[in-house]
Amino acid sequence: MKKKNIIITAAVVAVAAALILPRFLKPKDAVNSAAAPVVSAEQPQMGTIEIYTDLSGSIEPSEMASIIPKAGGEVTEVYVKAGDMVTEGQPICHIDTKMVDTAKNSMETAAVNMDNANKELNRARVLFESGNMSQQAFEQVQSSAKMAQLQYDSAKIAYENQVEFSSITAPISGKVESVSVEVHDNVGTQNIICVISGEGAKQVNFAVTERVVSGLHVGDTVIISKNGTDYEGTISEVSTKIDDATGLFRVKASLAGADALATSSRVKLTVVSEKAENVLTIPTDAVYYSQNKPKVYTYEDGTVHEVPIEIGIFDSEKTEVTSGLTTDDMVITTWSSELYEGSQVQLPSEAAAEDGEAETGEQEEETTQTEQAAE
């Protein structure tokens, strides 16, 4: 009897093992091989794409004056030095042009001649009115007086010019950036003797290619960086002519609160060279190319579709789609070797639901098998 019970118990264990062990010993790959690959997908969004370009520029005052003498000569006095603040009309230096005294003598001579001509005119007028001088003779005296007046006026202008040429004054108020002359230096009409930067805001001058200039407009914002500090500027001028020396277009941007930036210092600046607003965008990583033509893969009811598209500008994150998609499409954003027209895939939410159903089914199956084994 005892032997018979042992045989029955062994038979029950064998049946239970036959029902349970195959479930645990089934290869995992065999279970998963039938499952469709999981991919992520999202709908295209309306947004803005901006393409930034890094450039270098030079800091300059918004107003700058380079002083060049109008007459050459010897510098006899220098009244300022670099770093001084000056006001408009303030003396900068004095130049002995060797022409002031000559011009003064000419003016004084012309003044004497003018006085004599006027006296002669007064006497002639008395004679003419009394009938003792002819009309023709009186007109000749009048002409001589007018000529003397013109000669004096011309001599006076020449003298005043020579005085102005010899006394150099500041044409604007501001800071003296440089003084390149000393006392006893001889200067000519080609020498820059002083540079003055105007008071107020500064500006950054830079040059761009034809591709970049098409995206720049007066009023656009630029970011200037120097020694770890950023400054904001506004484009004030965009040249429409190529510079013959560089082959580039010159651009100027005004700066506010940039007094710490030294004149002529080089700075880094960033501009928006291309911009697309309120356009359809997708992740750049979702775009593939076939024979240099862009395409995407879309998801629809578990099926992959290959969709050719046309694109506009793009950066590392977003790409502008000009045709081929709508905001209702689901664009696959993850790579898979199973991405091709007609292949079957599933979204993470679908995979999670399927795993939950499978787990519930397995638990029910195990419960049934255990009950059967117990019977």
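You'll find the structure just up there.
The sections below set out a description of the structure shown in this document.

Basis of the calculations
Residues numbered from 1 in each chain as written. Predicted model: local features only at pLDDT ≥ 70, side-chain atom pairs only at ≥ 80, totals over all residues. Heavy atoms only, no water. Helix = DSSP H or I, 4+ residues; strand = E, 2+ residues; numbered from the N terminus. Buried < 20%, exposed > 50% of the residue type's maximum accessible area, 1.4 Å probe, protein only. Contact = heavy atoms within 4.5 Å. Areas by Shrake-Rupley, 256 points an atom, 1.4 Å probe, with all protein chains shown as cover. Salt bridge = Lys/Arg side-chain N within 4 Å of Asp/Glu carboxyl O. Phe/Tyr/Trp six-rings, centres within 6.5 Å; stacked < 30°, edge-to-face > 60°. Expected span 1.5 Å × (residues − 1). Pairing = 2+ DSSP bridges. Axes fitted to C-alpha atoms, helices over the stretch in contact; angles between N-to-C directions.

1. Regarding the overall build of the protein chain
1) Next: Helices and strands together make up the secondary structure of the protein chain, namely 6 helices and 21 strands.
2) Next: Sorting the 375 residues of the protein chain into buried and exposed places 32% on the buried side.
3) Next: Of all intrachain contacts in the protein chain linking residues separated by at least 6 positions in sequence, the fraction that spans at least 24 positions is 74%.
4) Next: As displayed, the protein chain offers around 22,900 Å² of accessible surface, 51% of which is attributable to carbon and sulfur atoms.

2. Quick word on the pattern of salt bridges
Any two side chains of opposite charge can pair, given that their charged atoms come close.
1) Next: Evaluated as defined, the whole model comprises 10 salt bridges.
2) Next: Between D84 and K81 there is a salt bridge, with its nearest N and O atoms 3.3 Å apart.
3) Next: Put simply, D96 and K98 hold a salt bridge, and the shortest N to O gap is 3.0 Å.
4) Next: Looking at D96, the relative accessible area reads 27%, which means it is partly exposed.
5) Next: Classification of K98 as exposed rests on a relative accessible area of 57%.
6) Next: One salt-bridge network, in which partners are shared between bridges, spans E50, K275 and E277.

3. With respect to the environment of V296
1) Next: Considering the arrangement of structural elements, one finds V296 in strand β17 (residues 293-300).
2) Next: Accessibility expressed as a relative area gives 0% for V296, which makes it buried.

4. Notes on the packing of aromatic side chains
1) Next: The full count for this structure, using the stated rule, is 2 aromatic pairs.
2) Next: Ring centres of F128 and F138 lie 4.7 Å apart, and the angle between their planes is 10 degrees; on these two criteria the pair is classed as stacked. Separated by 10 residues along the polypeptide, F128 in helix α3 (residues 100-130) and F138 in helix α4 (residues 135-166) bring together distant segments of the chain.
3) Next: Both rings, one in Y288 and one in Y297, keep their centres 5.4 Å apart while their planes meet at 65 degrees; by these two values the pair is edge-to-face.
4) Next: Taking relative accessible area as the criterion, Y297 reaches 8% and is therefore assigned buried.

5. Looking at α3
1) Next: The first and last C-alpha atoms of α3 sit 46 Å apart over 31 residues, in line with the 45 Å expected at 1.5 Å per residue.
2) Next: Within α3, burial applies to A103, M107, A110, M114, A117, L121 and A124.
3) Next: Against α4 lie the buried residues of α3.
4) Next: G131 occupies a position one or two residues after α3 and carries a positive phi of about 85 degrees.

6. Examining the sheet that holds strand β4 (residues 73-78)
1) Next: Across the sheet, 4 strands lie side by side as β7-β6-β4-β9; this open sheet has antiparallel pairing. Each of the sheet's edge strands pairs with one partner strand only, and the pair in question is β7 (167-169) and β9 (186-187).
2) Next: Where strand β6 (residues 91-96) meets β7, 3 bridges bridge the pair, whose relative direction is antiparallel. Across the sheet, residue H94 finds its bridge partner in β7, namely S167.
3) Next: Most of the contacts of α4 go to β7, to which it runs at about 60 degrees, and overall it touches β6 and β7.

7. Quick notes on the sheet that holds strand β8 (residues 174-179)
1) Next: Spatial ordering of the open sheet is given by β3-β10-β8-β5, a layout of 4 strands whose pairing is antiparallel. A strand with exactly one partner marks an edge of an open sheet, and here the two such strands are β3 (64-67) and β5 (85-86).
2) Next: Bridging between β3 and strand β10 (residues 194-198) involves 4 bridges; their strand directions are antiparallel. Note on β10: the bridge partner recorded for M64 is S197.

8. Section: the environment of V271
1) Next: Turning to its location among the elements, V271 is positioned in strand β15 (residues 266-283).
2) Next: Residue classification places V271 among the buried residues on the basis of a relative accessible area of 1%.
3) Next: Taking C-alpha positions, V271 is 7.2 Å from T221, a pair spaced 50 residues apart along the chain.
4) Next: V271 has contacts with I51, Y52, T53, L55, F206, V212, L216 and V222, leaving out every residue within four places of it along the chain.

9. Here we look at α4
1) Next: Taking 1.5 Å per residue as the helical rise, α4 with its 32 residues ought to reach 46 Å, and the 47 Å between its terminal C-alpha atoms agrees with that figure.
2) Next: Among all positions in α4, only F138, V141, A145, A148, Y152, A155, Q162, F165 and S166 are buried.
3) Next: Of the surrounding secondary structure, the elements contacted by the buried residues of α4 are β6, α3 and β7.

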